[in-house]
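Summary of the model geometry
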Amino acid sequence: MKLFDVYPLYDVTPVSAKGIEILDDKGEKYLDFYGGHAVISIGHSHPHYVNRLKEQLDTIGFYSNSVQNPLQEQLATKLGALSHCEDYNLFMCNSGAEANENALKMASFHTGKSKVIAFSNSFHGRTSAAVATTDNPSINAPINKQQEVTFLALNDFDVFEKAIVSGEYCAVILEAIQGVGGLDEPTTEFYQFVEEKCKSNNVILIADEVQSGFGRSGQFFAFQHHGIQPDIISIAKGMGNGFPVGGILIHENIKASYGLLGTTFGGNHLACVATLAVLEVLEKDDLMANATRLGDYFKQQALEIPEIKKIKGRGLMLGLEFDFEIADLRKRLIHNQHMFTGSAKNKYLLRFLPALNITKEQIDVFFAALKTELK
Ligand SMILES: Cc1ncc(COP(=O)(O)O)c(C=O)c1O
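Residues numbered from 1 in each chain as written. Predicted model: local features only at pLDDT ≥ 70, side-chain atom pairs only at ≥ 80, totals over all residues.

Moving on to helix 7 (residues 188-200). With 13 residues, helix 7 should cover 18 Å at 1.5 Å per step; its first-to-last C-alpha distance of 18 Å lies within 8% of that length. Along helix 7, the positions that sit buried rather than exposed are Y191, V194, E195 and C198. Seen end-on, helix 7 carries its buried residues on one side only, within an arc spanning 100°. More than 90 degrees from the buried face of helix 7, the exposed residues found are E189, E196 and S200. Buried residues belonging to helix 7 abut helix 6 (157-164), strand 7 (169-174) and strand 8 (204-208). N202 occupies a position one or two residues after helix 7 and carries a positive phi of about 55°. (Helix = DSSP H or I, 4+ residues; strand = E, 2+ residues; numbered from the N terminus. Expected span 1.5 Å × (residues − 1). Buried ≥ 20, exposed ≤ 12 C-beta atoms within 10 Å, placed from the backbone. Arc of directions from axis to C-beta. Contact = placed C-beta atoms within 7 Å.)

The strand order across the open sheet built from four strands is 1-2-3-13, with neighbouring strands paired in mixed fashion. Either end of the sheet is taken by a strand with one partner, and the two such strands are strand 1 (14-18) and strand 13 (339-340). One ladder, built from three bridges, connects strand 2 (residues 21-24) with strand 3 (residues 29-32); its direction is antiparallel. Counted as the bridge partner of L23 is K29 from strand 3. (Pairing = 2+ DSSP bridges.)

Neighbouring residues of the ligand: 15 residues in total, closest S95, G96, A97, G125 and V210. In terms of residue count, the dominant contributor to the shell around the ligand is helix 4 (residues 96-111) (three residues). Classifying every residue of the shell around the ligand by side-chain character gives five nonpolar, eight polar and two charged. (Near = placed C-beta within 6 Å. Nonpolar A, V, L, I, M, F, W, Y, C, P; charged D, E, K, R; others polar.)

Another aspect to go through is the sheet that holds strand 14 (residues 349-352). If you walk across this open sheet you meet the three strands as 11-12-14, and the pairing is antiparallel. Strand pairing shows two members of the sheet lacking a second neighbour, strand 11 (308-314) and strand 14, which therefore form its edges. When strand polarity is set aside, the average angle formed by the axes of neighbouring strands in this sheet is 20°. Bridging between strand 11 and strand 12 (residues 317-322) involves six bridges; their strand directions are antiparallel. In the sheet register, R314 faces strand 12, and the bridge partner there is M317. Here helix 9 (residues 287-303) sits on the sheet in contact with strand 11, strand 12 and strand 14, set at roughly 175° to strand 11. (Axes fitted to C-alpha atoms, helices over the stretch in contact; angles between N-to-C directions.)

We now examine the environment of T263. Its place among the elements puts T263 in the loop between strand 10 (246-251) and helix 8 (269-284). Since 16 C-beta atoms lie within 10 Å of it, T263 is described here as partly exposed. Excluding residues that lie within four positions of it along the chain, T263 makes contacts with N65, C93 and N94.

Turning next to the domain arrangement of the protein. What the domain assignment reports for the protein is domain 1 (14-38 + 286-374) and domain 2 (48-284). Computed over C-alpha atoms, the centres of domain 1 and domain 2 are 26 Å apart. Contacts between the two partners involve 18 residues from domain 1 and, on the opposite side, 21 residues from domain 2. Of all elements in the fold, only helix 9, strand 11 and strand 12 reach the threshold of two or more residues within the side of domain 1 that touches domain 2. The element that contributes the greatest number of residues to the side of domain 1 that touches domain 2 is helix 9, accounting for five residues. (Domains from an automatic or database assignment.)

Across the interface, helix 9 lies against helix 11 (residues 360-374) with an axial gap of 10 Å and an inter-helix angle of 25°. Accordingly, the angle class assigned to the pair helix 9 and helix 11 is roughly parallel. Crossing hand, helix 9 versus helix 11: right-handed. Contacts from L294, Y297, F298 and Q301 of helix 9 reach helix 11 at K360, I363 and F367. Classifying every residue of the contact of helix 9 with helix 11 gives five nonpolar, one polar and one charged. (Parallel < 35°, antiparallel > 145°, perpendicular 65-115°, else oblique. Left-handed = near helix turned anticlockwise from the far one by under 90°.)

Mapped onto the secondary structure, G43 falls in the loop between helix 1 (35-38) and helix 2 (47-59). Look at G43 and you get buried, because 24 C-beta atoms sit within 10 Å. Excluding residues within four positions of it along the chain, G43 makes contact with G19, I20, A355 and N357.

What follows concerns the environment of G213. In this structure, G213 sits in the loop between strand 8 and strand 9 (232-235). With 10 residues separating them in the primary sequence, G213 and F223 have C-alpha atoms 8.9 Å apart. When near neighbours in sequence (up to four residues on either side) are disregarded, G213 contacts F221, A222, I235 and G238.

What follows covers the nonpolar core. A171, V172, I206, I232 and V278 are the most contacted members of the largest nonpolar core, which totals 105 residues. Here this core gets 10 residues from one element, more than from any other, and that element is helix 8. Looking at this core, you find at least three residues from each of domain 1 (14-38 + 286-374) and domain 2 (48-284). Look past the residues within four positions of V172 in its chain and what remains in contact with it is I117, V194, C198, V203, L205 and I206. (Core = buried A, V, L, I, M, F, W, Y, C linked by C-beta atoms within 7 Å.)

Here's what the structure looks like:
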């Protein structure tokens, strides 16, 4: 059997990793400034994370959601406290798309409606309703087009109001900082307007924090920069530092009932411990403050490079926009400088999504390499 060939691959074979350093099969060292699509939040093979997972694996790795699993409650308590979201309830699943799928489903159950408002350049995943709310027709199959989704421009107050008062929508889904789209974000005024209109029209506001959550923006959730309170928050990626885990936080105004949502693997013992380990390191090492501090340092360094036209993002969810397409620069950073960075739908944007415990010195190494490649 061969692999179903859907990924254009770089010719690098990582075999081990520690912090932001990756070693390939030839013994060459690479620096990971991308975290495998914003997944590595506390660094590769963090010792606390590795020990927690090993110990759990030696004890019990999995049982289904038909028995008590106190680790889920421990996790909900810790997550509620660290994120200041105590008045939400946690449902666990396995990925970002699945989180959004469940969020949209809950919105539809709650309101009895099915249409959704999403925004231009959004990315919410590749499954049924999640991909339908993703602004990319090339990854929507005919079967996904059954979902009725209206795409609106960020920060267009009038168009948003006209749509939402129609009474047809169950949900608005929004990334507080767009990831794949290219680091655009709504203004605080727009976000607050969306929140208010959702409330007055009985529409569920879903904050997709799959990429921007778990401290990456400098706040636990990126919507917290705007002083709003969504009804449902989707989480994944940095949550498990590489262990596949996702979830939704559902405001306690929305009631649960048996059978409403479900999953075989979601919330298993290993997933809970991976997430607890991430939260413990985030808290102990004050990584949200580090994300803010080092994000500011990164922006200062970027200002010195004339080829950079725009610096986007917050904390360690960052993008550098050039006046040329960056595909070739990104390749040269990997092959010549041994550095992983990311691209976006915006072809001019280089994405920088390192582990939240990156150091100033590592950022200096990145900029020195970038300058070399821009000469
Ligand atoms: C904002 C956002 N939502 C959802 C997803 C989908 O997550 P997953 O690939 O875990 O299904 C992504 C993935 O890039 C994302 O960036």
